[in-house]
Amino acid sequence: MTDAQLEDDDYIIGTDAVEIARLGQQHAIWRESALAGWRRAGLRPGMTVMDVGAGPGYAAFDLARLVGPQGRVIAVDQAPGFLEALQTGAEARGLANIETVESDLADFDWPEGVCDAVWSRWCLSFVPNAAGVLAGIDRALKPGGIFIAQEYADYRTFRIEPCEPVFERFIEAVRESWMHFGGDPEIARRLPVMMSNLGWQAGPMTPIVHAARPGEWVWTWPTAWLEQAPDRLAELGFLDRDDAEAFRLFLHARQQDPVSLMVTPMVLEVVASKPR
Ligand SMILES: C[S@@+](CC[C@H](N)C(=O)[O-])C[C@H]1O[C@@H](n2cnc3c(N)ncnc32)[C@H](O)[C@@H]1O
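Points about the packing of helix 1 (residues 17–41) against helix 7 (residues 220–235)
Right, so step 1: At their nearest, the axes of helix 1 and helix 7 sit 9 Å apart, and the two run at 160° to each other. Between helix 1 and helix 7, the crossing angle belongs to the class labelled roughly antiparallel. When the axes of helix 1 and helix 7 are compared, the crossing they make is left-handed. Two secondary-structure elements touch here, helix 1 through Val 18, Glu 19, Arg 22, Gln 25, Gln 26, Ile 29 and Trp 30 and helix 7 through Thr 220, Trp 221, Ala 224, Trp 225 and Gln 228.

A few points about the site of the ligand
Right, so step 1: Looking at the ligand, there are 16 residues lining it, with Gly 53, Asp 77, Asp 104, Leu 105 and Arg 121 nearest.
Right, so step 2: Arg 121 places a polar side-chain atom, nitrogen or oxygen, 2.7 Å from an oxygen atom of the ligand.
Right, so step 3: Here the residues of the shell around the ligand are counted per class, giving nine nonpolar, four polar and three charged.

Concerning the packing of aromatic side chains
Any pair of aromatic rings gets described here by the distance separating the centres and the angle formed by the planes.
Right, so step 1: Applying the stated rule across the entire model yields 20 aromatic pairs.
Right, so step 2: Judged by centre distance (5.3 Å) and plane angle (85°), the ring pair of Trp 38 and Trp 119 falls under edge-to-face. Of the two residues, Trp 38 is situated in helix 1 and Trp 119 in strand 4 (residues 115–121); the sequence distance between them amounts to 81 residues.
Right, so step 3: Between Tyr 155 and Phe 158, the aromatic rings sit 5.8 Å apart at their centres with planes inclined by 80°, giving edge-to-face as the arrangement.

Let's talk about the nonpolar core
Right, so step 1: Of all hydrophobic cores here, the largest spans 34 residues; its most connected members are Tyr 155, Phe 158, Ile 160, Phe 170, Leu 226, Leu 233 and Phe 247.
Right, so step 2: Broken down by secondary-structure element, the contributors of at least two residues to this core are helix 1, helix 5 (165–180), helix 7 and helix 8 (241–256).
Right, so step 3: In contact with Leu 226, other than residues within four places in its own chain, are Phe 158, Ile 160, Phe 170, Phe 247 and Leu 251.
Right, so step 4: Core analysis: the second largest hydrophobic core is formed by 30 residues, Cys 115, Cys 123, Val 133 and Ile 137 among them.

Considerations on the sheet that holds strand 8 (residues 211–212)
Right, so step 1: Overall, antiparallel pairing links the three strands, which are arranged 6-9-8 in an open sheet. Two strands lie at the open edges of the sheet, namely strand 6 (159–161) and strand 8, each paired on one side alone.
Right, so step 2: The sheet contact formed by strand 6 and strand 9 (residues 261–263) spans three bridges and is antiparallel. Paired with Arg 159 across the bridge in strand 9 is Val 263.

Observations regarding the environment of Val 73
Right, so step 1: Among the secondary structure elements, Val 73 is positioned in strand 2 (residues 72–77).
Right, so step 2: Along the chain, Val 73 and Asp 62 lie eleven residues apart, while their C-alpha atoms are 9.9 Å from each other.
Right, so step 3: Residues in contact with Val 73, not counting those within four places in the same chain, are Val 49, Ala 60, Leu 63, Ala 64, Val 67, Asn 97, Ile 98 and Glu 99.

Overview of the environment of Met 50
Right, so step 1: Mapping Met 50 onto the fold places it in strand 1 (residues 48–52).
Right, so step 2: What makes Met 50 buried here is its relative accessible area of 0%.
Right, so step 3: Separated by 31 residues in the primary sequence, Met 50 and Glu 19 place their C-alpha atoms 22 Å from one another.
Right, so step 4: Not counting residues within four places of it along the chain, the set of residues in contact with Met 50 comprises Ile 74, Val 76, Phe 108, Trp 110, Pro 111, Cys 115, Ala 117, Val 118, Trp 119 and Ala 140.

Concerning the sheet that holds strand 7 (residues 201–208)
Right, so step 1: Here we have seven strands laid out as an open sheet, ordered 3-2-1-4-5-10-7, and mixed in their pairing. Edge positions in the sheet fall to strand 3 (98–102) and strand 7, since each of these pairs with one other strand and no more. For this sheet, the mean inter-axis angle between neighbouring strands, taken without regard to orientation, is 15°.
Right, so step 2: Direction of pairing for strand 7 relative to strand 10 (residues 266–273): antiparallel, over a ladder of six bridges. Residue pairing for strand 10: Ile 208 is matched across the bridge by Val 267.
Right, so step 3: On the sheet, helix 3 (residues 80–92) packs against strand 2 and strand 3 and is oriented at approximately 170° with respect to strand 3.

Focus on the pattern of salt bridges
Right, so step 1: If you walk through the whole model with that rule in mind, you get 21 salt bridges.
Right, so step 2: The network of salt bridges with common partners includes Asp 154, Arg 156, Glu 172, Arg 175, Asp 184, Glu 186, Arg 189 and Arg 190.

Details of the pairing of strand 5 (residues 141–154)
Right, so step 1: Taken across its 14 residues, strand 5 has twelve buried, putting it largely inside the fold.
Right, so step 2: Where strand 4 lies against strand 5, six bridges are found, and the strand directions are parallel. From the neighbouring strand, Val 118 faces strand 5, where its bridge partner is Phe 147.
Right, so step 3: At this point the chain moves from strand 4, through helix 4 (residues 130–140), to the parallel strand 5, and the crossover so formed is right-handed.
Right, so step 4: Two strands pair when backbone bridges link them, and strand 5 and strand 10 are joined in this way by eight bridges, in the antiparallel orientation. Bridged to Ala 149 within strand 10 is Val 270.

Parameters at a glance
Residues numbered from 1 in each chain as written. Predicted model: local features only at pLDDT ≥ 70, side-chain atom pairs only at ≥ 80, totals over all residues. Heavy atoms only, no water. Axes fitted to C-alpha atoms, helices over the stretch in contact; angles between N-to-C directions. Helix = DSSP H or I, 4+ residues; strand = E, 2+ residues; numbered from the N terminus. Parallel < 35°, antiparallel > 145°, perpendicular 65-115°, else oblique. Left-handed = near helix turned anticlockwise from the far one by under 90°. Contact = heavy atoms within 4.5 Å. Near = heavy atom within 4 Å. Polar contact = N/O pair within 3.5 Å; in protein donor to acceptor, adjacent residues only side chain to side chain. Nonpolar A, V, L, I, M, F, W, Y, C, P; charged D, E, K, R; others polar. Phe/Tyr/Trp six-rings, centres within 6.5 Å; stacked < 30°, edge-to-face > 60°. Core = buried A, V, L, I, M, F, W, Y, C linked by side-chain atoms within 4.5 Å. Buried < 20%, exposed > 50% of the residue type's maximum accessible area, 1.4 Å probe, protein only. Pairing = 2+ DSSP bridges. Salt bridge = Lys/Arg side-chain N within 4 Å of Asp/Glu carboxyl O. Right-handed = clockwise from strand over helix to strand, strands pointing away.

In short, geometric facts, not functional conclusions.
Right, dumping it as structure tokens:
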């Protein structure tokens, strides 16, 4: 057990410039899946869409283009550094239809019945009370409003082959760190029950998994995080210093080996709608 603590506006992965750049690279790789999901869910120009846990706003920028000047994006996040980056980014892109709200989702004063859709990606895994956040989303949605999430269904499905025991220990350290701060690395597979408890109508479910070899674009998605994470986890007491070093050597070896295989942790897209 660790007595690790975070700053109030921080979250386990961090919020600095390196993390902002990493989230940009991550969105570039996952953008295609986000756009496909928004099409499946029926997002359209003119809508008001809330992005919960928007981070520095890479998805919010695309949502703002999708809903167009007649629509609106409400980007909510607890990290002021991310929201500053979002505002600067929106200005640089000439997007005037994004509003930012700085709040922990646990304390958010959810507006009532203003959203045609709410989007969440890689956020609900980090919140201590996802059912409470969903209740807030229910309040924010208009009747008939759409909820769409792309969240981890099971972090243990992440594989790098040929595998070594230190990889398993690293994955467990990641999961433990999220759970220590009240998160749930398997949140996506719990969403259908939570959504049904709110009386939402279930839409399509779409698993999203990639397989990649070293040198391919997708391979670079988790590697930026895998390079930073061991030190952060060791600092917070979730991983031994020796394991952090062994993990770095493992990752380096797999990167140099052209037959290595990466299978990304399963993301599950869920779509639901609030009854009219
Ligand atoms: C992995 S990032 C994902 C950012 C963005 N959704 C994306 O897909 O690029 C997780 C985000 O959730 C935010 N977050 C985590 N817990 C939160 C909470 N309790 N309240 C508000 N935001 C939270 C973090 O600040 C961070 O911006």
